[in-house]
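Residues per chain are reported as follows:
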Amino acid sequence: MFFKKSEYIIVTGSGRFGSAIADSLSLSGFDVTVIDKDEKSFSHLSSSYGGFQSVGDAADIDVLRTAGIERASMLIACTNNDNVNSLIAQIASRIFNVKRVFARLGEKDKVDLILGHNIVPICPFELSLEDFWKKSGVSREEEHK
Amino acid sequence: MKIVIAGGATESEFLAEMLIRKGHTTVLINEDKNFCDLMASKFKELMVIIGDPRNLSVLFEAEIERFDIMISLCSEDADNLSICQMGKKMLGIEKNLCSVTNPKNVQIFAKLGVDHVVSSAYLIAEMLKNAAVLENMIQALPIEEGKIVLGEIIVSQESPAANKYVKEIKEIPEDSIISCVIRDSGIIIPKGNTMILPGDKLIMLSSSKAAEASELALSGRK
Amino acid sequence: MLCPEESDNLNYIDRTFSLKTILGIIGKLWMLAGFVILLPLFTLFFFPEEFNMANCFIVPGVMTILIGYLTSLLLSQNRRERLKKNDEAVIVFLGWLSVIFAGSLPFVLSGDYSLSQSVFEAASGFSTTGLSVVNVDNAPKIFLMYRSIMLFFGGIGLILVVTSILPDIYSMRLYTAEGHTDLMMPNLANSVRTVILIYVGYATAGTVLYYLCGMGFFDSLNHSMSAISTGGFSTKSASIGYYDNPKIELVTEILMILGATGFLVHLLLLKGKFRVLFKHCEIMLTILLISLCTPVCAFLMLEEFSGNLSFAVRQSLFQVISALTTTGFQTVSSFENTSPPLMFMFTLLMLIGGGTGSTAGGIKQFRIWIMMKQIWWNIQLKFGDRHIVRINKIERMGVREIISPEYLNEVNVFVVIYLLIFLLGSFVLMLCGHSIGDSMFEFASALGTVGFSAGLASSSAPQVVLWTSTIGMILGRLEIFVILMAAIRIKSGIKKPFRR
């Protein structure tokens with residue numbers, strides 16, 4: 001196919017996590033826009049990044065509109081602030097009905113806030129913990145809530 | 001009632017004082033040690049918790065489960081949203097209220113489950129909108145997030161409404177009503193056969209859309 | 001970034017080339033080159049009498065594809081080694097040089113051209129200059145077609161074409177190294193494919209329009225590809241002047257302007273956003289320059305055309321557009337005896353050039369606009385109220401973009417280097433015995449990849465002139481900074497090119 005009709009993905013937050021995701025999505029052939037408040041953060045993007053970069057506060061609905069959230073099929077909220085990610089994810093999911101929304105949450109507690117909407121939480125610390133338990137083979141006691 | 005105030009500074013102090021005076025159980029959660037010390041010494045009925053209200057564990061420690069109202073006044077809008085939502089979902093606090101700095105978030109947060117969202121910029125904007133549009137409305141007060149406007153119109157000799165019965169004034173738009181007429185410092189609640197005289201001050205209750213039209217209809221001025 | 005290569009305490013840095021990756025990607029470029037060389041063979045369907053020329057193309061074409069393919073296999077060997085910093089500049093530089101060399105083979109094999117002449121012609125083709133040593137009236141059609149094909153691919157960009165067919169993880173770096181700036185869409189593969197589609201579309205439309213104006217099909221196709229790539233090769237030695245047809249000139253003018261418009265601006269045009277389009281700084285500058293220079297040129301040329309004002313205006317408009325868009329089509333027979341003021345004006349237009357991100361050459365209008373605005377900003381700064389906060393902005397693509405001091409600096413340095421090269425190249429031509437005016441005109445034409453000739457670079461030109469022009473054309477087509485980067489990188493890598 002000469003033209004692959006591509007999915008449009010918005011990544012909010014160009015930290016190490018956000019830019020890594022943006023890079024690999026762009027290389028995989030998706031249309032990607034990265035939004036970050038600080039222009040300097042875009043230096044985290046690799047030189048192979050083929051998408052757009054937008055400077056602005058992704059928690060501001062107008063910034064999201066300018067970035068084209070209305071035609072986005074996926075949004076990944078991965079700033080370094082859980083609450084901001086939660087807000088952005090909710091705006092994307094509940095106001096713009098973006099089909100797939102991902103939110104990076106450092107604190108597992110915040111996961112409950114986004115339950116019930118089509119937001120998928122990504123908890124890096126939990127994942128790292130799981131990885132540790134798996135690789136160390138140490139048996140563990142579950143913390144009872 | 002049992003009310004918790006999270007974050008903020010001067011505003012929180014003001015609110016806390018008001019609530020305590022009214023006899024409500026008030027809990028203040030704040031990160032700033034100096035502020036907490038000050039508040040604790042000023043108001044002995046106030047329960048002051050030092051900690052970051054953005055942390056769910058701090059909220060749990062504050063033992064505010066099933067309180068009546070959560071007021072979140074942190075400087076970051078996103079934090080306020082999270083605190084209000086945590087209050088509702090995990091602590092059973094049914095009603096919440098927060099302040100926002102970005103006026104665009106007033107309507108967004110309302111959609112996301114915050115009962116009352118306050119933005120000073122938003123309020124001022126609404127006031128300016130109505131004030132700019134309506135010269136004769138000396139005081140225009142936006143209610144219900146600007147959807148309803150309460151305003152004053154002064155009727156002069158040349159106004160279309162002058163010397164007419166209320167029921168005769170066809171130009172009053174649909175979403176508008178003369179709620180009361182002030183004449184010579186007396187108050188008249190108008191009926192269909194009340195005559196509007198020059199010099200009357202009309203208190204109009206209209207939707208924000210109809211406000212301009214009603215002013216035009218009654219005072220003749222834009 | 002660049003100079004630390006020299007400093008001693010950074011000796012621990014491994015500066016060997018990522019050789020396999022570099023060669024592998026150059027291999028892909030060679031495959032494209034081979035394809036470009038084989039493409040003209042389709043003309044044999046129409047002109048079967050030229051069959052004896054086929055070997056000039058088949059042999060180098062097939063060979064280049066084979067060698068290119070085998071070299072590109074280096075890329076998939078084991079785990080691909082990482083492309084080191086600045087190596088992409090090396091790829092672009094060496095890639096273009098080798099493609100030009102391969103592209104010269106058909107001319108060499110024909111026996112009619114010396115090596116210098118062949119390399120000159122190939123460089124002129126791929127760099128979309130349009131200077132020629134070929135006697136077009138007697139040349140075989142297959143060679144004429146080949147020249148136009150070189151223009152078309154060179155104008156779009158070799159890396160750009162390769163990226164659309166065989167993208168890889170370094171495509172973005174290579175894309176930038178070849179001098180393309182922004183992307184049309186947030187997706188590299190789709191962006192480059194869109195660019196190609198747009199140009200193929202314009203070339204097709206141009207061919208149809210020319211044909212409707214009375215040009216034969218072969219000539220229509222060639223001129224269309226030549227115009228849109230702002231190349232300037234013609235199938236007639238008198239160039240567009242041969243036809244003496246205002247309609248043909250109009251079609252050419254439109255194609256030239258389209259070709260000299262940046263890829264991104266085309267997006268505005270095709271989306272119908274005309275108001276934004278006309279506020280774009282490059283469009284404004286183009287209109288300004290054409291409006292200013294055409295009357296001046298017409299006035300200066302009035303004598304030549306014995307007072308025929310409308311004819312003079314028509315010629316002037318065409319030549320001014322041809323110069324500014326760095327195409328190089330001519331309606332005047334020759335620039336050899338042009339009056340000095342006219343030559344000066346054309347030289348200036350050729351130096352200014354077309355829009356950024358287009359097939360045109362020159363300093364590029366965006367930079368010129370910034371430089372002119374800079375003067376105004378400086379005046380404001382010096383004489384204006386110091387306390388007022390001013391942010392320097394440029395109207396670009398509908399956005400009032402901020403120009404940072406760093407960017408301003410880059411632009412200034414670029415212009416200085418460009419002009420230095422211009423002066424140096426002109427000087428060399430002067431050393432070959434030509435006048436100042438002719439030398440500057442000719443070198444501006446080569447450096448700006450225009451193609452106007454005052455007679456210096458012709459089939460009878462000595463090697464020095466040809467090679468100077470060739471170097472100018474290559475420097476003009478590839479970004480100067482990229483060539484510098486490549487040169488420095490090669491120098492540092494040569495000390496220890498192979499990992500032991």
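Rules and cut-offs
- Residues numbered from 1 in each chain as written.
- Chains lettered and ligands numbered in written order.
- Predicted model: local features only at pLDDT ≥ 70, side-chain atom pairs only at ≥ 80, totals over all residues.
- Helix = DSSP H or I, 4+ residues; strand = E, 2+ residues; numbered from the N terminus.
- Buried ≥ 20, exposed ≤ 12 C-beta atoms within 10 Å, placed from the backbone.
- Contact = placed C-beta atoms within 7 Å.
- Pairing = 2+ DSSP bridges.
- Right-handed = clockwise from strand over helix to strand, strands pointing away.
- Axes fitted to C-alpha atoms, helices over the stretch in contact; angles between N-to-C directions.
- Domains from an automatic or database assignment.
- Nonpolar A, V, L, I, M, F, W, Y, C, P; charged D, E, K, R; others polar.
- Parallel < 35°, antiparallel > 145°, perpendicular 65-115°, else oblique.
- Left-handed = near helix turned anticlockwise from the far one by under 90°.

Bringing the overall build of chain C into the picture now. Looking only at helices and strands, one finds 21 helices and two strands in chain C. Across its three principal directions, the C-alpha atoms of chain C cover 75 × 75 × 50 Å. Every one of the 500 residues in chain C was classed for burial, and the buried ones make up 51%. Within chain C, counting contacts between residues at least 6 apart in sequence, those at least 24 apart form 72% of the total.

Let us look at the pairing of strand β3 (residues 47-50) of chain B. All names here are of chain B. As defined by bridge partners, strand β2 (residues 25-30) adjoins β3 across four bridges and the pair is classed as parallel. The partner of isoleucine 29 across the bridge, within β3, is isoleucine 49. Viewed along the sheet, the connection from β2 through helix α2 (residues 33-42) into β3 turns out right-handed.

To continue, consider the sheet that holds β3 of chain B. Residue and element names in this part refer to chain B. The strand order across the open sheet built from six strands is β3-β2-β1-β4-β5-β6, with neighbouring strands paired in parallel fashion. Whereas interior strands pair on both sides, the edge strands pair on one side only; in this sheet they are β3 and β6 (116-118). Neighbour to neighbour, the strand axes of the sheet diverge by 15° on average, direction disregarded. The sheet contact formed by strand β1 (residues 2-6) and strand β4 (residues 69-72) spans four bridges and is parallel. Directly across from isoleucine 3, in β4, lies its bridge partner isoleucine 69. Packing of helix α1 (residues 10-21) onto the sheet brings it into contact with β1, β2 and β4, and relative to β2 it is tilted by some 165°. On the sheet, α2 packs against β2 and β3 and is oriented at approximately 165° with respect to β3.

Segmentation of chain B into domains returns domain 1 (2-121) and domain 2 (130-219). Distance from the C-alpha centre of domain 1 of chain B to the C-alpha centre of domain 2 of chain B: 39 Å.

With that out of the way, let us pick up the arrangement of the chains. When the two pairs of chains in contact are ranked by number of contacts, first place goes to chains A and B. With respect to C-alpha atoms, chain B approaches chain C no nearer than 23 Å, and the pair has no contact.

Turning our attention to the interface of chain C and chain A. Listed per partner, the contact involves 12 residues of chain C and 16 residues of chain A. Counting residues per element, the ones that place at least two in the side of chain C that touches chain A are α8 (171-177) and α9 (188-212) of chain C. Here the element with the most residues in the side of chain C that touches chain A is α9 of chain C; it accounts for four residues. Of the residues belonging to the side of chain C that touches chain A, the class tally is eight nonpolar, two polar and two charged.

This part takes up the packing of α9 of chain C against helix α10 (residues 217-228) of chain C. Geometry of a packed helix pair, given as the angle between the helix axes and the separation of the axes. Residues and elements named next belong to chain C. The interhelical angle for the contact between α9 and α10, taken along N-to-C directions, is 140°, at an axis separation of 8 Å. By the criterion of interaxial angle, the relationship of α9 to α10 is oblique. As α9 runs across α10, the sense of the crossing is right-handed. On α10, the residues that touch Tyr199, Tyr202, Ala203, Gly206, Thr207, Tyr210 and Tyr211 of α9 are Phe217, Ser220, Leu221, His223, Ser224, Met225, Ala227 and Ile228. When grouped by side-chain class, the residues that make up the contact of α9 with α10 number 10 nonpolar, five polar and no charged.

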